[in-house]
Amino acid sequence: MRALTWQGKRDVRVENVPDPRIEEPTDAIIRVTSSGLCGSDLHLYEVLTPFMTPGDILGHEPMGIVEEVGAAVPDLQVGDRVVVPFQIACGNCWMCLTGLPTQCETTQVSAENMGAALFGYTRLYGAVPGAQAEYLRVPQAQYGPIKVPEGPADDRFVYLSDVLPTAWQAVAYAGVPKGGSVAVLGLGPIGDMACRIAQVQGAGRVFGVDLVPERLNRAKQRGVETFDLRSFDDEKELVAAIRDQTDGRGPDAVIDAVGTEAHGSAAARMVQNASALLPRKLSGPMAERFSVDRLAALYTAIELVRRGGTISISGVYGGMADPLPMLTLFDKQIQMRMGQANVRRWSDEIIPYLTDEDPLGVDDFATHRVPLDEAPHAYDMFQKKQDGAVKVLIKP
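Residues numbered from 1 in each chain as written. Predicted model: local features only at pLDDT ≥ 70, side-chain atom pairs only at ≥ 80, totals over all residues. Heavy atoms only, no water.

Where an unreviewed UniProt entry is consulted, the protein appears under the name Zinc-dependent alcohol dehydrogenase, with the organism given as Streptomyces heliomycini. The Cofactor (unreviewed entry) field of the UniProt record for the protein holds the comment "Zn(2+)". (UniProt positions renumbered as here; feature names shortened; annotations may be inferred.)

Caption draft 1: Representation of the domain arrangement of the protein. In terms of domains, the protein is made up of domain 1 (2–162 + 342–394) and domain 2 (164–338). Computed over C-alpha atoms only, the centres of domain 1 and domain 2 are separated by 24 Å. Joining domain 1 to domain 2, the criterion identifies ten residue pairs in polar contact (both at pLDDT 80 or more). Of all the secondary structure elements, the ones that give two or more residues to the side of domain 1 that touches domain 2 are helix H1 (39–45) and helix H11 (343–350). The greatest single-element share of the side of domain 1 that touches domain 2, amounting to four residues, is contributed by H11. A per-class count over the side of domain 1 that touches domain 2 returns 22 nonpolar, nine polar and nine charged. (Domains from an automatic or database assignment. Polar contact = N/O pair within 3.5 Å; in protein donor to acceptor, adjacent residues only side chain to side chain. Helix = DSSP H or I, 4+ residues; strand = E, 2+ residues; numbered from the N terminus. Nonpolar A, V, L, I, M, F, W, Y, C, P; charged D, E, K, R; others polar.)

Caption draft 2: Region of interest: the nonpolar core. Leu 58, Tyr 159, Leu 160, Leu 164, Met 193, Ile 255 and Tyr 379 are the most contacted members of the largest nonpolar core, which totals 71 residues. With eight residues, the top contributor of residues to this core is helix H3 (residues 163–174). Looking at which domains feed residues into this core, each of domain 1 (2–162 + 342–394) and domain 2 (164–338) supplies at least three. Those residues within four positions of Met 193 in sequence are excluded, and the remaining contacts are Val 163, Leu 164, Ala 167, Leu 360, Val 362 and Phe 365. Counting 21 residues, the second largest nonpolar core, distinct from the first, contains Ala 241, Val 254, Leu 304 and Ile 311. (Core = buried A, V, L, I, M, F, W, Y, C linked by side-chain atoms within 4.5 Å. Buried < 20%, exposed > 50% of the residue type's maximum accessible area, 1.4 Å probe, protein only. Contact = heavy atoms within 4.5 Å.)

Caption draft 3: Local environment of the sheet that holds strand E13 (residues 335–338). Ordered in space as E10-E9-E8-E11-E12-E13, the six strands form an open sheet in which the pairing is parallel. Looking at strand neighbours, the two that pair on one side only are strand E10 (225–228) and E13, the edges of this open sheet. Averaged over all pairs of adjacent strands, the angle between strand axes in this sheet comes to 20 degrees, irrespective of strand direction. Here four bridges tie strand E9 (residues 205–210) to E10, and the two strands are oriented parallel to one another. Bridging from a neighbouring strand, Gly 208 pairs with Thr 226 of E10. Along the sheet, helix H5 (residues 213–221) contacts E9 and E10; its crossing angle with E10, the most-contacted strand, is approximately 165 degrees. (Pairing = 2+ DSSP bridges. Axes fitted to C-alpha atoms, helices over the stretch in contact; angles between N-to-C directions.)

Caption draft 4: Structural context of the environment of Phe 86. Looking at the secondary structure, you find Phe 86 in the loop between strand E5 (81–83) and helix H2 (94–97). A C-alpha to C-alpha distance of 19 Å links Phe 86 and Tyr 173, two positions 87 residues apart in sequence. Dropping the residues within four chain positions of it, Phe 86 is found in contact with His 60, Ala 117, Leu 118, Phe 119, Ser 161, Asp 162, Thr 166, Gln 340, Ala 341 and Val 343.

Okay, structure coming up:
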């Protein structure tokens, strides 16, 4: 089959690779019909290269048609249309039953001291072949795949794999009170969708911060009060502008939907780039012990949120030696919640919104749809924020 493989920093290629096959009774094979390009994939494209191996198949946002089913997968049949969550979980262990499939005790990557295995996301998460491919082996298929109806285009459902539950959890963790205020830092796919979810769940005011005109315009058209980073000389001016809209206190909650590749943090960027240039035997251990993030967005969130407010982090961070302003966090009595989205924890709550009325705007959420052979160009375009790229769907 054809699949998108990682070959090095900013080097991804479509290659012929072996077809996946059933390896365990709980496996299924799906023919991929759509697969999203996620902002987290860009971390593999540049920042997290020490944890990648040439030939790794990328992608973790798939849906498709079931082609083959293992003997221990009673609820799937060949021909079923399914969305596959980005994490691999069993559904039966204590963590899964507690609503934390990202910490699944069956698939935890214990050798790396990490949580549940993920599709297409470094050796830290199991080096499981990913979904930007023609076919995908789905472990733990007795629990993970979400069956969806025939009829609507893939766009209606594909975001159940990651974007929708990640944004849903970000808003849930933010704990925005009814009629309250929330600021979303970063209006890429997750930040954009988090704004929409906060609105439908009753937030009184939703502020969105970014510096890409197309992203700001998309959010503004849906009633988000937008702030263009380019209009402010520094973080303090931005914080003051939003505080002026919230009686001088700051919003009740801030969602950091940016993560480790925030603009700014020049010193951290230099360290990240230097680490990626080291030989693989050195770069991996160095990154595991001494890696740092670009924390500009998180620092802004800490400064911006009102005293006693909540910061919800959905942007991916990977640092192990990050400096945090603990005095400010403690003095402001800030609550922080974060983590990979627990897809099956939220999917049943989300599905009722995926109707013909389309309150979340999923049907036209994608800005680009490309064939698999154009995926390398899509990565380059998305990373450089060119051509209005906000959300890219790959169509094998």
